[in-house]
Amino acid sequence: MTTTTDPALILHQWLSPAFPVGAFAWSHGLEWEVHAARVHDAASFADWLDTVLAHGSGRNDAILLAAAYRAEGRALEEIAALAAALAPSAERREETLSQGRAFAATAAALHDIALPRAAYPVVVGRAARLMDLPLSLTLRLFLQAFAANLTSAAIRLVPLGQTEGQRVLALASPAIERLAREAEPGDAEGIGGAVPMIDLASMRHESQGTRLFRS
């Protein structure tokens, strides 16, 4: 049941907080970073967000999305397997897989398309391809939604004021545009990063006492 063919409207619906993927429940390890006092104000959150985007899963997920957009058959299965294997902790694996399953169920029902039950960026990339949505726009809005969800978590956890949070998000825009351009070829050989402290935070979060988020 597709009610519009406007790519921007479809993507904004998919990537809005109202789309039922449960993104609000995940902090990507940020909750531990706040607990450990490594993220404690707008400046430290801005540094953390820039690192996640440029050197962590932001960049890698964008490449996976583009690769899934371009892949068919066995190649798509391999991208899905790679996406699941890249998760550095049990919580991060469940974060991407649960959002992928939820997105696939809702998007398939809305648009009558067959989607894999796979990691979130893989499912979004495949859905965009089946709906003939522009890859460049999909990548920019996907990364923007990723950064916006983490900003929302930071506003609650640090805490940041709403204006401070939005200022940090606005400052991330050039990086989002650059990462989307770089990811567009969908070359899985370019996947990689070096964010050991962020990966360790996601592991330590599993045993954190009081938690608001699932990762």
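Higher on the page you've got the structure.
Sequence order sets the numbering: in each chain, residues are counted from 1 along the sequence as written. It should be noted that, the model being predicted, local features are given only for residues of pLDDT at least 70 and side-chain atom pairs only at 80 or more, the latter also being counted only at that level, while totals for whole chains, interfaces and linings use all residues. Remark: hydrogens and water are excluded; side-chain values derive from all non-hydrogen atoms of the structure.

Another aspect to go through is the environment of Gln-162. The helix and strand labels rest on DSSP assignments: H or I over at least four residues marks a helix, E over at least two residues marks a strand, and numbering proceeds from the N terminus. By the secondary structure assignment, Gln-162 is in helix H9 (residues 162–171). What makes Gln-162 exposed here is its relative accessible area of 56%. Sequence-wise, Gln-162 and Ser-152 are 10 residues apart; in three dimensions their C-alpha atoms are separated by 8.7 Å. Each residue is assigned to one of three classes by its accessible area relative to the maximum for its type, calculated with a 1.4 Å probe on protein chains only: buried under 20%, partly exposed between the two thresholds, exposed over 50%.

Let us look at the side chain of Ser-57. Residue position: Ser-57 is located in helix H4 (residues 57–70). A residue is classified by how much of its surface remains accessible, and Ser-57, at 11% relative accessible area, is buried. Excluding residues that lie within four positions of it along the chain, Ser-57 makes contacts with His-28, Val-52, Arg-92 and Phe-146. Any two residues having at least one pair of non-hydrogen atoms within 4.5 Å are treated as being in contact.

Okay, a nonpolar patch on the surface next. Distance thresholds for patches are 9 Å for like charges and 5 Å for nonpolar side chains (Val, Leu, Ile, Met, Phe, Trp, Tyr), applied to residues having over 30% relative accessible area and no salt bridge. Each accessible area value is a Shrake-Rupley result obtained with a 1.4 Å probe; residue values ignore everything except the protein chains displayed when judging cover. Whenever a carboxyl oxygen of Asp or Glu lies within 4 Å of a side-chain nitrogen of Lys or Arg, that contact is scored as a salt bridge. A surface patch of nonpolar side chains, amounting to about 240 Å² of accessible area, comprises Met-197, Leu-200 and Met-203. Residue position: Leu-200 is located in helix H11 (residues 196–204). With relative accessibility at 33%, the residue Leu-200 sits in the partly exposed group.

Attention shifts here to the packing of aromatic side chains. For Phe, Tyr and Trp, where Trp contributes only its six-membered ring, two rings pair if their centres lie within 6.5 Å, and the inter-plane angle classes them as stacked under 30 degrees, edge-to-face over 60, or tilted in between. Counted under the stated rule, the structure contains five aromatic pairs. With a centroid separation of 5.3 Å and 45 degrees between ring planes, the pair formed by Phe-19 and Phe-103 is classed as tilted. On the criterion of sequence distance, the pair formed by Phe-19 in the loop between helix H1 (7–14) and helix H2 (30–35) and Phe-103 in helix H6 (residues 90–111) is long-range, its members being 84 residues apart. For the residue pair Phe-19 and Phe-103, the accessibility class agrees, reading buried in each case. Ring plane angle 70 degrees and centroid distance 6.0 Å describe the contact between Phe-103 and Tyr-120, whose orientation is recorded as edge-to-face. Of this pair, Phe-103 sits in helix H6 while Tyr-120 is found in helix H7 (residues 120–130), placing the two residues 17 residues apart along the sequence. Each member of the pair, Phe-103 as well as Tyr-120, is classed as buried.

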